[in-house]
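Observations on the three-dimensional arrangement
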Amino acid sequence: DAGITQSPRHKVTETGTPVTLRCHQTENHRYMYWYRQDPGHGLRLIHYSYGVKDTDKGEVSDGYSVSRSKTEDFLLTLESATSSQTSVYFCAISERGAGGFQPQHFGDGTRLSIL
Amino acid sequence: GESVGLHLPTLSVQEGDNSIINCAYSNSASDYFIWYKQESGKGPQFIIDIRSNMDKRQGQRVTVLLNKTVKHLSLQIAATQPGDSAVYFCAERGSGGSNYKLTFGKGTLLTVNP
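Residues numbered from 1 in each chain as written. Chains lettered and ligands numbered in written order. Predicted model: local features only at pLDDT ≥ 70, side-chain atom pairs only at ≥ 80, totals over all residues. Heavy atoms only, no water.

Residue and element names in this part refer to chain A. Ordered in space as β1-β3-β8-β7, the four strands form an open sheet in which the pairing is antiparallel. Strands with a single pairing partner mark the edges of an open sheet, and in this sheet they are β1 (4–7) and β7 (64–70). In this sheet, neighbouring strand axes are inclined to one another by 15° on average, regardless of whether the strands run parallel or antiparallel. Pairing analysis gives four bridges linking β1 to strand β3 (residues 19–25), with the strands arranged antiparallel. Note on β3: the bridge partner recorded for I4 is Q25. (Pairing = 2+ DSSP bridges. Helix = DSSP H or I, 4+ residues; strand = E, 2+ residues; numbered from the N terminus. Axes fitted to C-alpha atoms, helices over the stretch in contact; angles between N-to-C directions.)

Pasting the structure below:
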């Protein structure tokens, strides 16, 4: 399995509180991604990173921010959590080899409930 | 509609049978495709990939077929086992050297009966 650790694995919090999810990788991959997975929508990209301090928005970025201060860590922050952000969040990593982009590999997710 | 874990297209097979899971993709310019398997409570697990310059690729017990004419992808699992029970979904990547983002399908739930 790819060396990806997401923390926490489960979290319950209240509307309006800030929440930070962490993704840690030991593969030294350049690219990192945050997705959310909801019934009826599949996996949707929130933000991604193409290097340290290089990030960009995905299709559902509103209400989320990210930071990547070092290769191995990619943080996802909900500045003021809302109930619509209740979801399962997945981190993924990938690299680009001689043959082009390689498959994304995923962590085991963080189940976030916002009451 | 389709959803992860709820109202997904489902495929139920007997242990030992072959399974075929289908995926229709949307972007005719996509040049790379991946199949993932997701077990309950876990993250998606890479199974096999294929580039658009190929029609078929085989792995261990799995084969992916790509039909670009009708924008269709299929995953064939030989001698399906109970451990193959999971949600399977495809993903596509739009063309362009700097495009590393994937678009995911919503999945098919495979149930293997012993």
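On to the interface of chain B and chain A. Chain B puts 25 residues into the contact, and the matching count from chain A is 25 residues. Across the chain B/chain A interface, buried area totals approximately 2000 Å², and carbon plus sulfur atoms make up 59% of it. Seen at the junction of chain B and chain A, the total is zero salt bridges. In this assembly, chain B and chain A are joined by three residue pairs in polar contact (both at pLDDT 80 or more). Listing elements by their share of the side of chain B that touches chain A, those giving two or more residues are β3 (32–38), β4 (45–51), β8 (86–93) and β9 (102–104) of chain B. With four residues, β3(B) is the largest single contributor of residues to the side of chain B that touches chain A. Here the residues of the side of chain B that touches chain A sort into eleven nonpolar, seven polar and seven charged. (Contact = heavy atoms within 4.5 Å. Buried area = accessible area lost by both parts, 1.4 Å probe. Salt bridge = Lys/Arg side-chain N within 4 Å of Asp/Glu carboxyl O. Polar contact = N/O pair within 3.5 Å; in protein donor to acceptor, adjacent residues only side chain to side chain. Nonpolar A, V, L, I, M, F, W, Y, C, P; charged D, E, K, R; others polar.)

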